[in-house]
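An overview of the molecular structure
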Amino acid sequence: MSSQKFSVRAEEPPSLWRRLEALCSRESTNRDRLTARNRSAHKTAAGPMNVLFITLDQFRGDCLSIAGHPVVRTPNLDALARQGVRLSRHYSQAAPCSPGRACLYTGTYMMTNRVVANGTPLDDRFDNVARAARRAGYDPTLIGYTDQSIDPRQTCGPRDERLWTYQGVLPGFSVELDLREDQGAWCSWLRQLGYDVPVDGNDAVAAESSRPEHHSVSAFLTDRLIAWLERQEKPWFAHASYYRPHPPYAAAGRWSRAHDPDAVPLPIAPADKRHPFLEAAMQHPDAAAPASERAMRRLIAQYFGMVSEVDDQLGRVWEALRRLNQWDDTMVVVTADHGEQLGDHGLIQKLGFLESSYHVVGIIRDPRHPVAHGHVVDAFTENVDILPTICEAMGVDVPAQCDGLPLTPFLRGETPPWWRGAAHWEFDWRDLFIPYGSFPWPWDRSLEQHHLSVLRNHEAAYVQFGDGSWCCFDLAADPTWRTEHIDPATALRLAQAMLVWRSSHADRTLTGMLLADGGIGRWPSMPDGWHSQG
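**Focus: empty space enclosed by the protein**
Tallying each qualifying case throughout the model produces 3 cavities of 30 Å³ or more. Taken together, 13 residues form the lining of the largest cavity, with Ala-271, Lys-273, Arg-274, Leu-278 and Phe-473 sitting closest to its centre. A class-by-class count of the residues in the lining of the largest cavity yields 7 nonpolar, 2 polar and 4 charged. Along its surface, the second largest cavity is lined by Thr-112, Phe-126, Ala-400, Gln-401, Asp-403, His-505, Ala-506, Asp-507, Arg-508 and Thr-509. The residue makeup of the lining of the second largest cavity, split by class, is 3 nonpolar, 4 polar and 3 charged.

Below, the structure is given as structure tokens:
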């Protein structure tokens, strides 16, 4: 099927006064209609459908050949997009890994879940995709990693080993394969094959170019995933969390030679005028792009090789699902925890406020709605939308905590009642300071200044820093984020929009309920057996 563009008129929720005007006459009718529609959708979704939730760590949103990339070829992701729905303006809500994944797994913005760094605990009160899958009757199984730090209130004391790492498992998952950053299971397998493997897992990954691609960490994960699929005898939920194309910038085997460094496009150059944050980031040894063009080209070629290699592994998964007659019984969701600077603005890795770190791959195939297959959604979609979407597909209620919206209308080829007109993300760097000071509470609140928030619409992007400084970029005139708006009125409008965004996503756990007539409005999730008490 040829690709079709599927757009909606971007707008925020109906204004307060319009809603009040229509409330009395329409509230009851709309509630009844929505309830009936949701029950029908849940009834349809309650059949024997599998869910395959895939994350590709650090996968840029532009690195798809179907999206027009001039060099990278991704035939298997392209095939999925042609048989599903591609989200062309899909964004992660935070970086690096733990914050980005907390948003993805809980459907909440960083300002809600407060996972601000690798190592920030995820409050156990939050619902998540694994817990939702369990409520739907699945045994959600992890093949890979989730990088979620345990709530310390759930540990056994200061010697609990889970307090020594940020690479914990999201609550609710059963674990088929644990592939944390030490890559222990993969390294053990390589040693069994006769390889001399470094003790450090990161060093082992950095040496992938010297080993055949069928012995890569991505191939190892795919082998275990397919073996697990072959054992399943009832509807299943799997989260396959691939490490690549995360650095080290060294593609496996033949993929390290797949792209000519001389043929790769060069990154976006730094702007002449830069915010002090960017100046500091460009001096950091882990974030600064290589100084020479030759080294930069080599790095880009290796990243493209990693993209192509993980795409090749996904082809094996698609083939296995077809061989097992499960392709048309499986919902496939593909996204990334965050993007990659890849030299843009003089930076590598993922950090700060620039688009390259947050624009990510987004493809969903729901086999129940072939009418939408091949569609391309140009509206702004976000990783916080993934949990609500999976919940509706599984037939469970969308948690009230969710800041995101279900993508279900897009997957059906329909137009949602309203949609956001901008993408949003956040970044926090207080973790650089926590190890070096006491910051006595409540008078020392300097840590709270080390963060930023971004609102990006079709024409402009606004960046608000915790210290009060800000940037405003004219994307209509220059989509590379190097031209700043000089009109204060434009910045004011965007700042106001950001304030509305933040205020409309405050915690709503109990705000939709009133204690009258035994409790009216939106109830929170209640403990098991509550209705039988009292």
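On we go.
**Thoughts on the pairing of strand 11 (residues 423-428)**
Across the 6 residues of strand 11, 6 count as buried, placing the element largely inside the fold. Here strand 11 shows no split at all, with Ala-423, Trp-425 and Phe-427 on one side and His-424, Glu-426 and Asp-428 on the other all buried. The pairing of strand 4 (residues 94-95) with strand 11 spans 2 bridges and is parallel. Note that in strand 11 the partner of Ala-95 across the bridge is Phe-427. The pairing of strand 11 with strand 12 (residues 451-456) spans 6 bridges and is classified as antiparallel. The residue of strand 12 that forms the bridge with Glu-426 is Ser-453.

**Observations concerning the layout of surface pockets**
In this structure, the second largest pocket encloses a volume near 690 Å³. As for the second largest pocket, its lining consists of 24 residues, and the residues nearest its centre are His-284, Leu-351, Phe-427, Trp-429 and Leu-432. Residue assignment for the lining of the second largest pocket shows that the elements contributing at least two residues are helix 9 (276-281) and strand 11. Ranked by the residues each element gives to the lining of the second largest pocket, the list is headed by helix 9, at 3 residues. Partitioned by chemical class, the residues of the lining of the second largest pocket number 12 nonpolar, 7 polar and 5 charged.

**Considerations on the pairing of strand 3 (residues 85-91)**
Among the 7 residues of strand 3, 6 are classified as buried, and the element is accordingly described as predominantly covered. In terms of strand pairing, strand 3 meets strand 9 (residues 362-365) through 2 bridges, oriented antiparallel. Counted as the bridge partner of Val-85 is Ile-364 from strand 9. For strand 3 and strand 10 (residues 375-382), the ladder comprises 6 bridges, and the chain directions are parallel. Note on strand 10: the bridge partner recorded for Val-85 is His-375.

**Regarding the packing of aromatic side chains**
Two descriptors summarise a pair of aromatic rings, namely the distance from one centre to the other and the angle between the planes of the rings. Scanning the entire structure with this criterion turns up 22 aromatic pairs. Relative to Phe-353, the ring of Phe-277 lies with its centre 6.4 Å away and its plane at 45°, an arrangement referred to as tilted. Of the two residues, Phe-277 sits in helix 9 while Phe-353 sits in the loop between strand 8 (330-335) and strand 9, which places them 76 residues apart along the sequence. Each of the two residues, Phe-277 as well as Phe-353, counts as buried. Ring centres of Tyr-462 and Trp-470 lie 6.0 Å apart, and the angle between their planes is 25°; on these two criteria the pair is classed as stacked. Residue classification places Tyr-462 among the buried positions, given a relative accessible area of 4%. Through pairs of rings, three or more aromatic residues link up here, namely Tyr-91, Phe-277, Phe-353, Tyr-358, Phe-380, Trp-425, Phe-427, Trp-429, Phe-465, Phe-473 and Trp-481. The ring of Tyr-195 carries the charged tip of Arg-211 above its face, separated from the ring centre by 5.9 Å.

**A closer look at the confidence of the model for the chain**
Taken over all residues, the pLDDT of the chain has a mean of 92, while the share at 70 or more is 90%. Considering only residues more than four positions removed or in separate chains, one finds that residues 20-46, a stretch of pLDDT under 50, has 15 contacts.

**Looking at unusual backbone geometry**
The omega torsion across Pro-247 and Pro-248 is 10°, close enough to zero to call that bond cis. Positionally, Pro-248 belongs in the loop between strand 7 (237-242) and helix 9. In this structure, the amide linkage connecting Trp-441 to the following residue, Pro-442, adopts the cis form with an omega of 10°. Mapped onto the fold, Pro-442 is located in the loop between strand 11 and strand 12. Positive phi is not limited to glycine here, since Gln-349 has a value of about 65°. Locating Gln-349 in the fold gives a position in the loop between strand 8 and strand 9.

**Points about the nonpolar core**
When a protein is soluble and globular, its nonpolar side chains tend to lie buried together. Core analysis: the largest hydrophobic core is formed by 60 residues, its most contacted members being Leu-52, Ile-54, Phe-59, Trp-186, Tyr-242 and Trp-318. Listing elements by their share of this core, those giving two or more residues are strand 2 (50-56), helix 2 (75-82), helix 6 (184-192), helix 7 (201-206), helix 8 (217-231), strand 7, helix 10 (293-323) and strand 8. Ranked by the residues each element gives to this core, the list is headed by helix 10, at 13 residues. In this structure, Val-115, Val-333, Leu-387 and Ala-393 belong to the second largest nonpolar core, which totals 39 residues.

About the cut-offs
Residues numbered from 1 in each chain as written. Predicted model: local features only at pLDDT ≥ 70, side-chain atom pairs only at ≥ 80, totals over all residues. Heavy atoms only, no water. 1 Å grid on protein atoms, 1.4 Å probe; cavity = no way out; pocket = protein on both sides within 12 Å on 5 of 7 lines; lining within 4 Å. Points joined across faces, edges and corners; volume = space filled by probe spheres on them. Nonpolar A, V, L, I, M, F, W, Y, C, P; charged D, E, K, R; others polar. Buried < 20%, exposed > 50% of the residue type's maximum accessible area, 1.4 Å probe, protein only. Helix = DSSP H or I, 4+ residues; strand = E, 2+ residues; numbered from the N terminus. Pairing = 2+ DSSP bridges. Phe/Tyr/Trp six-rings, centres within 6.5 Å; stacked < 30°, edge-to-face > 60°. Lys NZ or Arg CZ within 6 Å of the ring centre and 35° of its normal. pLDDT = per-residue confidence, 0-100. Contact = heavy atoms within 4.5 Å. Core = buried A, V, L, I, M, F, W, Y, C linked by side-chain atoms within 4.5 Å.

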